[in-house]
Amino acid sequence: MIHSRSKAINQTKLVLLHQRQCINYIPSQQKHTFTPKKPKPKPSTKPRRKQNPQNHKKIRKPKEPIPFVNDLKEIRDPDEALSLFHQYHQMGSKHSYPSYASLIYKLARARDFDAVETVLGYIQDFNIRCKETLFISLIQHYGKAHLVDKAIEVFNRMTSFDCVRTLQSFNSLLDILVDNDRVDDAKRMFDDADKMGFRPNLISFNVMIKGRLKKGEWEEASRVFDEMLEREVPPTVVTYNSLIGFLCRKGEMEKAKCLFEDMIKKATYPNAVTYALLMEGLCIKGEYNEAKKMMFDMAYRGCKPQLVNFGVLMSDLGKRGKIEEAKSLLSEMKKRQYKPDVVTYNILINYLCKEDRAAEAYKVLTEMQIGGCKPNAATYRMMVDGFLRVEDFDGSLKVLNAMLTSRHCPRLETFSCLLVGLLKGGKVDDACFVLEEMEKRKMRFDLKAWEGLVTDACIGDGNAGGLVSELISAH
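To keep things clear, this report deals only with the structure shown in the data block.

**Some points on the overall build of the protein**
Line of reasoning, step 1. Tallying secondary structure elements over the protein gives 25 helices and 0 strands in all.
Line of reasoning, step 2. Looking at the 475 residues of the protein, the share that counts as buried comes to 39%.
Line of reasoning, step 3. Considering only contacts within the protein whose residues lie at least 6 apart along the sequence, 59% involve residues at least 24 apart.
Line of reasoning, step 4. When the accessible area of the protein is evaluated, it comes to approximately 29,600 Å², of which 53% is carbon and sulfur surface.

**Observations regarding the nonpolar core**
Line of reasoning, step 1. Counting residues in each nonpolar core, the largest one holds 134 residues, and the members touching the most others are Leu103, Val116, Ile244 and Ile349.
Line of reasoning, step 2. If near-sequence neighbours (up to four positions away) are discounted, Leu103 is found in contact with Phe68, Leu72, Ala81, Leu82, Phe85 and Val119.

**A look at the pattern of salt bridges**
Line of reasoning, step 1. Applying the stated criterion to the full structure yields 33 salt bridges.
Line of reasoning, step 2. Residue Asp394 pairs with Lys427 through a salt bridge whose shortest N-O separation is 2.3 Å. One end of the pair, Asp394, is in helix α21 (residues 393-405); the other, Lys427, is in the loop between α22 (412-424) and α23 (428-440), and 33 residues separate them in sequence.
Line of reasoning, step 3. The partly exposed category is assigned to Asp394, whose relative accessible area is 46%.
Line of reasoning, step 4. Residues participating in the shared-partner salt-bridge network are Glu117, Lys150, Glu153 and Arg157.

**Structural notes on the state of the cysteines**
Line of reasoning, step 1. Scanning the model with the defined rule gives 0 disulfides in all.
Line of reasoning, step 2. Lacking any disulfide linkage, Cys130 is separated from the closest cysteine sulfur, that of Cys163, by 7.0 Å.

**Here's the deal with the environment of Arg336**
Line of reasoning, step 1. Along the chain, Arg336 falls in the loop between α17 (323-335) and α18 (342-354).
Line of reasoning, step 2. Not counting residues within four places of it along the chain, the set of residues in contact with Arg336 comprises Phe296 and Phe310.

Basis of the calculations
Residues numbered from 1 in each chain as written. Predicted model: local features only at pLDDT ≥ 70, side-chain atom pairs only at ≥ 80, totals over all residues. Heavy atoms only, no water. Helix = DSSP H or I, 4+ residues; strand = E, 2+ residues; numbered from the N terminus. Buried < 20%, exposed > 50% of the residue type's maximum accessible area, 1.4 Å probe, protein only. Contact = heavy atoms within 4.5 Å. Areas by Shrake-Rupley, 256 points an atom, 1.4 Å probe, with all protein chains shown as cover. Core = buried A, V, L, I, M, F, W, Y, C linked by side-chain atoms within 4.5 Å. Salt bridge = Lys/Arg side-chain N within 4 Å of Asp/Glu carboxyl O. Disulfide = S-S within 2.5 Å.

So, in structure tokens, the structure goes:
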């Protein structure tokens, strides 16, 4: 009985399948097509199950890891990264866009721009389609390295990589020009936006306002603001903050307060940064108590104080040498359930180091790490320089090791001061270690710097300076 029923069901399935094929097959030139009638389905005796909409969501398969990209993450030396790329290619591996992009990011962060150009050449040779984000990142890296003309070149070459330029890459280059004090070039580019097929947006105007204010050109910044309104691009709190911040730093508090009230009238509500800028202006005028009062009053206006507001007060106390009061304010923050971030800790560390209290600053560094706050590059640099100020070269070297382990890099001046101190103390092995770390990061002294370094290290030997000068002139 069961066998005959299953046989009947299978026959019905075959008939239905044949009918579906007949329905789907409709020749383009056939005018009359026989469409068989669908048999009425038998009513089901089983209760209908409610369909869960979540069951119909497509589950994306996780992307398969790319072996080259995984191996690349473990490499620090840019030369090794390029060698690994060639090794995979020789083994028959076909590199795709993620591999090229990961390699370029690695090389650009290391500022090995010659290698970047080499990889870009490979991309063009193999017709690899690139995303705009890759070129935006390159523009930003060139900008940070002050290679502005190279950033412009990358922007102009984007289309040759079959990559469409959008307002995002346009704004990125505009920002790089402004940050590198090429505001006039930024203005020309901004004026040519329409010819390039771009319509400047809020970010474009904010960048131009920032550029004008950076040069101290309040009238020009106001004109950009007016043009923004004419083009019906509504300003945001970021726009107002730029203008208010400029006025506060110039001590023009009345104008700043008028602009503050104007933004509220236009339904652009101030944020914690707006209040921080006004507080900073009051501190510049020596009105610390008024600034503190503003921080506690801002909550009544519907804006809860943030770390940035406490930071303004701590900075002012630090500048005036009131370190103990700054420490008390940090404790007060914690009592109010605020968790200090790295910027807050850096303020205290900075002023402790400036007061030649590097050992206390190091305790603050330890405290922040215990509290789960990771130091950043600025933290390490201040600590290394702080120990150098008090000629604690062992302390400097200890922090330098931690800094390098965290993949941060000191400035060239810091390396130089540390080398002088180590050489004076007769610690040649440690000095060699520092030089090796510099070489890994392609940071090198020029001849003048070497002369100064050796002369400083040989103070006490009357003939050292003359001998070094003689060697350099002979070279």
